[in-house]
Amino acid sequence: MIRPLGEKVLVKPAEPKEVKKGGIIIPDTAKEKPQEGEIIAVGTGKRAEDGKIIALDVKVGDKILFGKYSGTEVKIDDIEYLIMSQDDILGIIK
Amino acid sequence: MIRPLGEKVLVKPAEPKEVKKGGIIIPDTAKEKPQEGEIIAVGTGKRAEDGKIIALDVKVGDKILFGKYSGTEVKIDDIEYLIMSQDDILGIIK
Amino acid sequence: MIRPLGEKVLVKPAEPKEVKKGGIIIPDTAKEKPQEGEIIAVGTGKRAEDGKIIALDVKVGDKILFGKYSGTEVKIDDIEYLIMSQDDILGIIK
Amino acid sequence: MIRPLGEKVLVKPAEPKEVKKGGIIIPDTAKEKPQEGEIIAVGTGKRAEDGKIIALDVKVGDKILFGKYSGTEVKIDDIEYLIMSQDDILGIIK
Amino acid sequence: MIRPLGEKVLVKPAEPKEVKKGGIIIPDTAKEKPQEGEIIAVGTGKRAEDGKIIALDVKVGDKILFGKYSGTEVKIDDIEYLIMSQDDILGIIK
Amino acid sequence: MIRPLGEKVLVKPAEPKEVKKGGIIIPDTAKEKPQEGEIIAVGTGKRAEDGKIIALDVKVGDKILFGKYSGTEVKIDDIEYLIMSQDDILGIIK
Amino acid sequence: MIRPLGEKVLVKPAEPKEVKKGGIIIPDTAKEKPQEGEIIAVGTGKRAEDGKIIALDVKVGDKILFGKYSGTEVKIDDIEYLIMSQDDILGIIK
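Residues numbered from 1 in each chain as written. Chains lettered and ligands numbered in written order. Predicted model: local features only at pLDDT ≥ 70, side-chain atom pairs only at ≥ 80, totals over all residues. Heavy atoms only, no water.

1. Quick word on the overall build of chain A
Inference 1: The helix and strand inventory of chain A stands at zero helices and 11 strands.
Inference 2: Counted from the first residue to the last, chain A has its helices and strands arranged as β-β-β-β-β-β-β-β-β-β-β.
Inference 3: A burial count over chain A gives 40% of its 94 residues as buried.
Inference 4: The contacts in chain A between residues at least 6 apart in sequence include a share of 65% that link residues at least 24 apart.
Inference 5: Looking at chain A as shown, the accessible area adds up to about 5,000 Å², and 54% of this sits on carbon and sulfur atoms. (Helix = DSSP H or I, 4+ residues; strand = E, 2+ residues; numbered from the N terminus. Buried < 20%, exposed > 50% of the residue type's maximum accessible area, 1.4 Å probe, protein only. Contact = heavy atoms within 4.5 Å. Areas by Shrake-Rupley, 256 points an atom, 1.4 Å probe, with all protein chains shown as cover.)

2. A closer look at the confidence of the model for chain A
Inference 1: Overall, the predicted model of chain A reaches an average pLDDT of 86, with 83% of residues at or above 70.
Inference 2: Within chain A, strand 4 (residues 24–27) of chain A has the poorest average pLDDT of any element, 55, and strand 2 (residues 8–13) of chain A the best, 96. (pLDDT = per-residue confidence, 0-100.)

3. Regarding the sheet that holds strand 11 (residues 89–93) of chain F
Inference 1: The strand order across the open sheet formed by seven strands is 9(F)-10(F)-2(F)-5(F)-8(F)-11(F)-1(G), and the pairing between neighbours is antiparallel. Edge strands, defined here as strands with exactly one partner in the open sheet, are strand 9 (72–76) of chain F together with strand 1 (2–4) of chain G. In this sheet, neighbouring strand axes are inclined to one another by 40 degrees on average, regardless of whether the strands run parallel or antiparallel.
Inference 2: The pairing of strand 11 of chain F with strand 1 of chain G spans three bridges and is classified as antiparallel. Its bridge partner lying in strand 1 of chain G, G91 of chain F is registered against P4 of chain G. (Pairing = 2+ DSSP bridges. Axes fitted to C-alpha atoms, helices over the stretch in contact; angles between N-to-C directions.)

4. Points about the environment of D57 of chain D
Inference 1: When you line up the elements, D57 of chain D lands in the loop between strand 7 (53–54) and strand 8 (63–66).
Inference 2: Taking the relative accessible area as the measure of exposure, D57 of chain D reaches 24% and is therefore partly exposed.
Inference 3: Sequence separation of D57 of chain D and Q86 of chain D is 29 residues, and the distance between their C-alpha atoms is 8.1 Å.
Inference 4: Contacts of D57 of chain D, omitting those with residues within four sequence positions, involve Q86 and I92 of chain D together with L5 and R47 of chain F.
Inference 5: Here the side chain of D57 of chain D touches R47 of chain F through a polar contact of 2.8 Å, side chain to side chain. (Polar contact = N/O pair within 3.5 Å; in protein donor to acceptor, adjacent residues only side chain to side chain.)

5. Observations regarding the relation of the copies chain F and chain G
Inference 1: With an RMSD of 0.0 Å, the fit of chain F onto chain G corresponds to turning through 52 degrees and sliding 0.0 Å along the axis.
Inference 2: Mapped onto chain G, only 5% of the interface residues of chain F again fall at the interface, so the copies present different surfaces. (Least-squares fit on C-alpha atoms with pLDDT ≥ 70 in both.)

6. Comments concerning the interface of chain B and chain C
Inference 1: In this complex, chain B contributes 19 residues to the contact, which on the side of chain C involves 17 residues.
Inference 2: Both faces considered, chain B and chain C share a buried interface measuring about 1,600 Å² in area, 54% of it formed by carbon and sulfur atoms.
Inference 3: Summed over the three residues of chain B that lose the most area to chain C, namely D57, L90 and K94 of chain B, the buried surface amounts to 32% of that side.
Inference 4: Linking chain B with chain C are one salt bridge, by the criterion used here.
Inference 5: The partner of R47 of chain C in a salt bridge is D57 of chain B, with the nearest N and O atoms 2.9 Å apart.
Inference 6: Across the chain B-chain C interface, the total number found is six residue pairs in polar contact (both at pLDDT 80 or more).
Inference 7: For the side of chain B that touches chain C, the leading source of residues is strand 11 (residues 89–93) of chain B, giving five residues.
Inference 8: Across the side of chain B that touches chain C, the residue classes tally to 10 nonpolar, two polar and seven charged. (Buried area = accessible area lost by both parts, 1.4 Å probe. Salt bridge = Lys/Arg side-chain N within 4 Å of Asp/Glu carboxyl O. Nonpolar A, V, L, I, M, F, W, Y, C, P; charged D, E, K, R; others polar.)

7. A few points about the environment of E7 of chain A
Residues and elements named next belong to chain A.
Inference 1: Here E7 lies in the loop between strand 1 (2–4) and strand 2.
Inference 2: Looking at E7, the relative accessible area reads 24%, which means it is partly exposed.
Inference 3: A sequence separation of 39 residues divides E7 from K46, and the C-alpha atoms of the two residues are 4.7 Å apart.
Inference 4: Other than its neighbours up to four places away in sequence, E7 contacts G45, K46, L56, M84, S85, Q86 and D87.

8. Concerning the interface of chain F and chain G
Inference 1: Facing the 19 residues of chain F at the interface are 16 residues of chain G.
Inference 2: Taken together, the two surfaces of chain F and chain G that pack against each other cover about 1,600 Å², and 54% of this comes from carbon and sulfur.
Inference 3: When the buried area of chain F at its contact with chain G is split by residue, D57, L90 and K94 of chain F rank highest and sum to 32% of it.
Inference 4: Between chain F and chain G we count six residue pairs in polar contact (both at pLDDT 80 or more) in total.
Inference 5: Among the elements that make up the side of chain F that touches chain G, the one with the highest residue count is strand 11 of chain F (five residues).
Inference 6: Looking at the side of chain F that touches chain G residue by residue, the class counts come to 10 nonpolar, two polar and seven charged.

9. Some points on unusual backbone geometry
Residues and elements named next belong to chain B.
Inference 1: Here the phi dihedral of D77 falls at roughly 50 degrees; this positive angle occurs in a residue that is not glycine.
Inference 2: Structurally, D77 is set in the loop between strand 9 (72–76) and strand 10 (79–85).
Inference 3: The class of D77 is exposed, set by a relative accessible area of 70%.

10. Quick word on the sheet that holds strand 8 (residues 63–66) of chain A
Inference 1: Sheet architecture is open: seven strands sit in the order 9(A)-10(A)-2(A)-5(A)-8(A)-11(A)-1(B), paired in antiparallel fashion. Only two strands of the sheet have a single partner each, and these edge strands are strand 9 (72–76) of chain A together with strand 1 (2–4) of chain B. Strand-to-strand twist across the sheet, computed as the mean angle between neighbouring axes with direction ignored, equals 40 degrees.
Inference 2: As judged from the three bridges shared by strand 8 of chain A and strand 11 (residues 89–93) of chain A, these two strands associate in the antiparallel manner. For I64 of chain A, the partnering residue across the bridge sits in strand 11 of chain A and is I92 of chain A.

11. Here's the deal with the side chain of S70 of chain A
Residues and elements named next belong to chain A.
Inference 1: Examined against the element boundaries, S70 turns out to sit in the loop between strand 8 and strand 9.
Inference 2: In this structure S70 comes out as buried when scored by relative accessible area, which is 12%.
Inference 3: Within polar-contact distance, the side chain of S70 engages the backbone oxygen of G67 at 2.7 Å.
Inference 4: Excluding residues within four positions of it along the chain, S70 makes contact with L82, M84 and D88.

Set out below in structure tokens:
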């Protein structure tokens, strides 16, 4: 497994939902829709200017929404993950 | 529902008013007009450089005016919302 | 009415004066001249890095001079206003 | 009159000197020469990051040298002035 | 050997794994995949704005994941290394 | 004379040395060589973020080396000078 | 001699090693290889935001590795040197 560094997080992207319009399956990814996913691991936090560590606002297990092209793809044991910065996260799905 | 992160807010955009000019309905969106909407949810606040949290200047229920192309579209239970930064908000409609 | 956010201000632009040169009316806007206007509403102020609020240097009623293409147009009750940042203001007309 | 805002100053540009070379009057502006002028009004000062006001290093009456294309042109009672930031000033003519 | 400066680290990149798809060996580098490697040496740390040294979050011997085109190639005793900034590191492989 | 502002300095550039190669005089300026010159006047110093003045590291009379295209040309009593920022200075010639 | 200013250093670049491949001498500079050199003189240090001086992490006599196109060329008594910022240095050769 990977422990992200600093303000980065490891995310397992959810399978994109399929939308049926008039019998044609339009993958939800057609439009620039934000993606859903789950937080698998978090970094230690962001460094303030004086070096102090600022804890992240998300934690392992949170379901999140993030911008379409966020993060870097990483394959671990043949499963696709994304490593991204906390700033790429739009919100937490309640 | 979505809880926005940090200094982001969740906005329900108002339906663009239609303007009749000589019988032709010109959607208000024709010009680069700012949009109206209502704040549905707010993040915990912006981080100052030393990590302290600065509360947002807007709250749930505020009617706001925001720049035309602000934010990221998000569909929740088939309703279109926008997630944007507080900096995209021009003002609060009184 | 609109209450601008943070360091933004709401401005009522003055009617551009018309200049007669050899019988042709040249709207004052021909050259990249700064515009005049009046402050109608002000935000709560700018945030310093530590989150403290810094009061604005202008107040409601001030006659101001601002750069030609400053701000975002906003129509309120059919009257055109501009919402701009305090940094767009060149000076106060005495 | 105009009271500039913050770290801006109001400058009355000097008439560009004319240089005679072989009978042809070459306005001094031909080359990218800095311009001379006099300070007519000054802003209250620059804001430090913590919001404190830092007084300007120039005062009304100072003769100054500034970069060729600095500032915004402003006409007051038919006289051309420039409003510029203190950073545009190269030095004070002694 | 090389002692990296400040917030830089010296990394020994791992050999890219080969992937067999239908008999054709596709080097793992085909896609923009992050790379793996081991930390060989670390700088003294990053300077905070006030000059204080902030220790790095990685140490010698850590197995890491870093962005595809990170760092500068350096040959020492005929072995290829990379010198990169800590910010280029995505995470530590556990 | 001119008193530079803030972190600027007034420099009298040295005459570029001429180099003879095979009988052809190649002005030293052919390559992107740094220039030499003497400091004639200095500003009061650079402002730190909190507004405090940081004295300059050079003084009147220092012989200096500066980047080829640094500064702005200024003619005073028919003599060519340069006004530049301290950051343009590479070093002091001992 | 030259005393570099602030966070700059004076470096004597090492002669690029020649590599023989199949009888053709390929100067080591063919690829974007970092360069080696020795520190001849150092500036007083970098200024923190509050103006405090932060000593450099390198000293006279250190053998260093620096990015291929770092610094500005300077000829002193017919010997080629480079003046560069400390940030251009990758590491110290032990």
